[in-house]
Amino acid sequence: MTRTINRMAMVGTGVMGTGIAQIAAQAGLEVKLFDTREGAAQNAHDNLAKTLAKLADKGKISQADAESTLARLEVADSLDALANCELVVEAIIERLEAKQALLKQLEAIIPADCILATNTSSLSVTSIACGCAHPERVAGFHFFNPVPLMKVVEVIDGLATDPQIGDCLQALAARMGYRGIRAKDTPGFIINHAGRAYSTEALQILKEGVAAPAVVDRILREGLDFRMGPLELFDLTALDVSHPVIEAIYNQFYQEPRYRPSPLTRQMLEAGHVGRKVGRGFYRYENGQMIGPPQSQPVPAVADLPPVWVGAENEQDRANLVGVLEKLGAQLENGEVPSSEALCLLAPYGIDAATAACRFGTDPARTLCIDPLLELSRHRTLMLTPVTRTDMRDAAHALLARDGIGVTLINDSVGFVAQRVLAMIVNLAGDIVQQRIASVDDLDEGVRLGLGYPQGPLAWGDSVGPQRLLNILERMTELTGDPRYRPGPWLRRRAALGLSLRHTEPALD
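Residues numbered from 1 in each chain as written. Predicted model: local features only at pLDDT ≥ 70, side-chain atom pairs only at ≥ 80, totals over all residues. Heavy atoms only, no water.

**Focus on the overall build of the protein**
Then, number 1: Counting secondary structure elements, the protein contains 20 helices and 16 strands.
Then, number 2: Relative to a compact globule of 509 residues, whose C-alpha radius of gyration would be 23 Å, the protein shows 26 Å and is just as compact.
Then, number 3: In terms of principal-axis extent, the alpha carbons of the protein reach across some 85 × 60 × 45 Å.
Then, number 4: Taking all 509 residues of the protein together, 55% fall into the buried category.
Then, number 5: Look at the contacts in the protein between residues 6 or more apart in sequence, and 69% of them connect residues 24 or more apart. (Helix = DSSP H or I, 4+ residues; strand = E, 2+ residues; numbered from the N terminus. Rg over C-alpha atoms; globule rule 2.2 N^0.38 Å. Buried < 20%, exposed > 50% of the residue type's maximum accessible area, 1.4 Å probe, protein only. Contact = heavy atoms within 4.5 Å.)

Rendered as structure tokens:
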């Protein structure tokens, strides 16, 4: 039977520690606040009093709840004051030696059955616990910022952690109204690990000169329904926070190509262009607001549009594209090969426009590709070959923008933007569950709640189709020679057998 925790301490009362203390007190726990910084714990208490008062004023909680929650928060003047706690959560500086030293101090004070939890986001729980006399009672309890809004917490078992400790923390998470997701102790755990694909692939796209930051962000917002583009997100979180995490995960995985950092963000970090808080990152800001938000690529005025010849890999994609073009009033050619005047519009997966023109046998000067992965009623991405004529580019853009749906133009690239980003997200998610870092349900729910993705990665992969994603990755691997795109065994096996990406193997005896 999982024991109930009623008395907790929060060591480290910065933004994260204060948020954790708030939700714990609101869930009915008595919470002691401690910080080595002079006055920090009292400031946290005072700020929580203001926060609770605002919540009551807005009707989010009752006045009685605000008062009772505040009454459960107490400032501790020393570590010795934590001696009767059943759980101590630390959220101090993200430095291994500091966390190890704190836990050793606490072990001399707290009772034998007190749980020690770390809110670390990037350090090994096993390493943090290794200096303890009783590492079996140490676990990760990793919340996300802002804690009161992000209703997910990672519960991480170190190599020595007693599984009952994790069970207890998961029960506590549920009591707080949070989804507790169980993770093995690996770099990035679940959510930060899974998020590597979105950020690092966007940086790779920039490195290759495929599109400007605003174009990449727009495609992923409008085309795949992300709340925020990856480069906007970098500016929000700040590169002095996010770039070191990228490097740490890359090095902790012994330079696995999937997690490769970008020299671009290292250069920006060294220049101090870390994001919104300093007024400059991938975009410029003033008083926290973007200056001159990027405008959509202007739609050219084209008087006479050429006929359009469509090439697609399957009949469904062809039918979808032809249906859109007919509604837009395009003059379509139905011959096996295009005429010498036709705009050639191709819908490939995983390859670049130059390769597509060769495979479909079209004139590359009159060829553009359109991403068939995207719902064409939401967004349309057009990709040029290196020799696409300006008149053909403008004709395709003008035609596909006739009904007001967003159109973006990009330079030649394997897998467009959306295909390669989504394929990498799903492939990495498959690797995470293949390695038993997390269960399928915990992975999908953790990423959906913790990163705000429209769907969990594996459920999303099923909606696109495992075989389609496998094709994209295999072609990108072949064309680039880059092992970052190699399909993982989880995706490859399920695509081969026609299984859902959420399908798990039967348990071994």
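**A word on the packing of aromatic side chains**
Then, number 1: By the definition in use, this model includes eight aromatic pairs.
Then, number 2: Relative to phenylalanine 143, the ring of phenylalanine 141 has its centre 4.9 Å away and its plane inclined at 80°; by these criteria the two rings are edge-to-face.
Then, number 3: With relative accessibility at 0%, the residue phenylalanine 141 sits in the buried group.
Then, number 4: Accessibility expressed as a relative area gives 1% for phenylalanine 143, which makes it buried.
Then, number 5: Between the aromatic rings of phenylalanine 226 and tryptophan 460, the centroid separation amounts to 5.3 Å while the plane-to-plane angle is 50°, which identifies the pairing as tilted. Here tryptophan 460 lies in helix α18 (residues 457–464) and phenylalanine 226 lies in the loop between α9 (213–223) and α10 (230–237), a separation of 234 residues in the sequence.
Then, number 6: Taking relative accessible area as the criterion, phenylalanine 226 reaches 4% and is therefore assigned buried.
Then, number 7: Judged by relative accessible area, tryptophan 460 falls into the buried class, the value being 6%.
Then, number 8: Taken together through their ring pairs, the aromatic side chains of Tyr198, Phe226, Tyr453 and Trp460 make up a single cluster. (Phe/Tyr/Trp six-rings, centres within 6.5 Å; stacked < 30°, edge-to-face > 60°.)

**Some remarks on a negative patch on the surface**
Then, number 1: Residues Glu30, Glu74, Asp77 and Asp80 make up a contiguous surface patch of negative charge.
Then, number 2: Take glutamate 74: it is sitting in strand β3 (residues 73–75).
Then, number 3: Under the relative-accessibility criterion, glutamate 74 is labelled partly exposed at 43%. (Patch = residues over 30% accessible without salt bridge, like charges linked within 9 Å, V, L, I, M, F, W, Y side chains within 5 Å. Areas by Shrake-Rupley, 256 points an atom, 1.4 Å probe, with all protein chains shown as cover. Salt bridge = Lys/Arg side-chain N within 4 Å of Asp/Glu carboxyl O. Lys, Arg positive; Asp, Glu negative; His and termini not counted. Charge placed at Lys NZ, Arg CZ, Asp CG, Glu CD.)

**Some details on the UniProt feature "domain: 3-hydroxyacyl-CoA dehydrogenase NAD binding" (unreviewed entry) in the protein**
Then, number 1: UniProt's entry tags residues 8–186 with the feature "domain: 3-hydroxyacyl-CoA dehydrogenase NAD binding" (unreviewed entry), counted in the numbering of this structure.
Then, number 2: In residues 8–186, the share of helix is 39% and the share of strand is 21%. The end C-alpha atoms are 26 Å apart. (UniProt positions renumbered as here; feature names shortened; annotations may be inferred.)

**Considering a positive patch on the surface**
Then, number 1: Together, Lys50, Lys54, Lys58 and Lys60 make up a region of like positive charge exposed at the surface.
Then, number 2: In this structure, lysine 54 sits in helix α2 (residues 40–57).
Then, number 3: Take lysine 54: its relative accessible area is 53%, and that puts it in the exposed class.

**Notes on the pairing of strand β4 (residues 87–90)**
Then, number 1: What you see with β4 is no split at all: Leu87 and Val89 on one side and Val88 and Glu90 on the other are buried throughout.
Then, number 2: Pairing geometry for strand β1 (residues 7–11) and β4, over four bridges, is parallel. Bridged to methionine 10 within β4 is valine 89.
Then, number 3: Looking at chain direction, β4 and strand β5 (residues 115–118) are connected through four bridges and run parallel. Counterpart to leucine 87 in the pairing with β5 is isoleucine 115. (Pairing = 2+ DSSP bridges.)

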